[in-house]
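Observations on chain architecture
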Amino acid sequence: MQPSVGITTGRFAPTPSGPLHFGSLVTAVASYCHAKSMKGKWLVRIEDLDTPRVTTGAADDILLAIEAFGFEWDDDVLYQSQRFQIYQGYLDELIQLGIVYGCNCSRKKLLEKPHHTGPLGTIYGGYCRHKHQQLNNIKLRLNTEQAGKIEFTDQYYGTINRDIDSEIGDIILKRQDGIYAYHLAVVIDDALQQVNYIVRGADLIDATCVHLYLNRLFGFPDAQYLHVPLVKNKYGEKLSKQSGATALSVENPEKLLLKALHILGQNTPAELSTYKPVEILQYAITHWDSKKILNHSANSSVNDTD
Ligand code: GLU
């Protein structure tokens, strides 16, 4: 696998299913400081693929919030909802390779059969792999029989490997309702945007093995990865809209930025509390040390409302 070259390019890729919450702020701070500390670019991509899950106005709210927090992004914001033709073009390449198949197994039917669960959820038993069903108006899956084991080195978690076929299974590339899968879109966008340093939440670490497999199939260069430990609520759940994370107030961005930096193990000297958001981020970029991201602090629960 060839690592990608060129200027360091990082990105923040929120899904606009709700407003910015503290967990996403932490990820944004980490990816921003990481890219900027290497004099790189930092892009923002709105992952609004799953149109039924998108909340009206959430993308704008997220952009306004990150602006209020002092982030300055490079290039235009990219919206996945405007890129369906691009995703279809790459999906067609996989279809040409003969590794995509139509699947009409319902989720209910799959759960009724004996099944294993892997890091990305239920492992599909491959029932439709060799049925040669037509590919219209049906779920499309990637045949991972030949994928083998994929390994990479995460800057925080070290060596990660997964046998794609047995531990993850045939992932969905396009749903029956025509929605392209996150795994497909994310590798295409990261490659086309020349993102070469991906900093994101640790919940995506296993998915990265799938992304690297897709990269190989498309001939895309590999990025480097830094998965950041998840910020959890007091019940030990990842902060998310589903777990009831509250929208961040932009009334006092300085306080929340300092809290995010603290959770990321970075130094936050007392004088920073008098700085403006842009100045806090500038300080954080200059002093950024990804080795300081401490597991214990990131794993400790936060009250995201205070
Ligand atoms: N859109 C995903 C999220 O909001 C992040 C995807 C990624 O960083 O690859 O959780």
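Just so we're clear, the structure is a prediction, and the values are computed from it rather than from any experiment.

On to the packing of aromatic side chains, then. The description of two aromatic rings rests on the distance between their centres and on the angle between their planes. Taken as a whole, this structure holds 13 aromatic pairs when the rule is applied. Here the basic side chain of Lys-113 rests over the ring of Tyr-127, its NZ or CZ set 4.3 Å away from the ring centre. Above the plane of the ring of Tyr-124 lies Arg-141, whose end atom (NZ or CZ) is 3.8 Å from the centre.

Judged from the six bridges that link them, strand 8 (residues 149-154) and strand 9 (residues 158-163) form a sheet pairing that is antiparallel. From the neighbouring strand, Glu-151 faces strand 9, where its bridge partner is Asn-161. Once strand 8 ends, the chain turns through three residues before running back antiparallel as strand 9.

Near the ligand, the surroundings consist of Arg-11, Ala-13, Pro-14, Thr-15, Glu-47, Tyr-182, Val-186, Arg-200 and Leu-204. At a separation of 2.7 Å, a nitrogen atom of the ligand approaches a polar backbone atom of Ala-13. Between the ligand and the protein, one listed contact pairs an oxygen atom with a side-chain N or O atom of Tyr-182 at 2.6 Å. If the ligand stood free it would expose 300 Å²; the protein chains cover 77% of that surface. For the shell around the ligand, the per-class residue count stands at five nonpolar, one polar and three charged.

Tallied over the full model, the rule gives 15 salt bridges. With a closest N to O distance of 3.9 Å, Arg-45 and Asp-189 form a salt bridge. You can see Arg-45 sitting in strand 2 (residues 41-46) and its partner Asp-189 sitting in helix 6 (residues 182-192), a full 144 residues away along the chain. Per residue, the accessibility class of Arg-45 equals that of Asp-189, and both read buried. With a shortest N-O distance of 2.9 Å, Arg-45 and Asp-190 are connected by a salt bridge. Residue Arg-45 is found in strand 2, and its partner Asp-190 is found in helix 6; the two are separated by 145 residues along the sequence. The buried category is assigned to Arg-45, whose relative accessible area is 0%. What you see here is one network of salt bridges that share partners, running through Arg-11, Arg-45, Glu-47, Arg-83, Asp-189 and Asp-190.

Definitions and cut-offs
- Residues numbered from 1 in each chain as written.
- Predicted model: local features only at pLDDT ≥ 70, side-chain atom pairs only at ≥ 80, totals over all residues.
- Heavy atoms only, no water.
- Phe/Tyr/Trp six-rings, centres within 6.5 Å; stacked < 30°, edge-to-face > 60°.
- Lys NZ or Arg CZ within 6 Å of the ring centre and 35° of its normal.
- Pairing = 2+ DSSP bridges.
- Helix = DSSP H or I, 4+ residues; strand = E, 2+ residues; numbered from the N terminus.
- Near = heavy atom within 4 Å.
- Polar contact = N/O pair within 3.5 Å; in protein donor to acceptor, adjacent residues only side chain to side chain.
- Areas by Shrake-Rupley, 256 points an atom, 1.4 Å probe, with all protein chains shown as cover.
- Nonpolar A, V, L, I, M, F, W, Y, C, P; charged D, E, K, R; others polar.
- Salt bridge = Lys/Arg side-chain N within 4 Å of Asp/Glu carboxyl O.
- Buried < 20%, exposed > 50% of the residue type's maximum accessible area, 1.4 Å probe, protein only.

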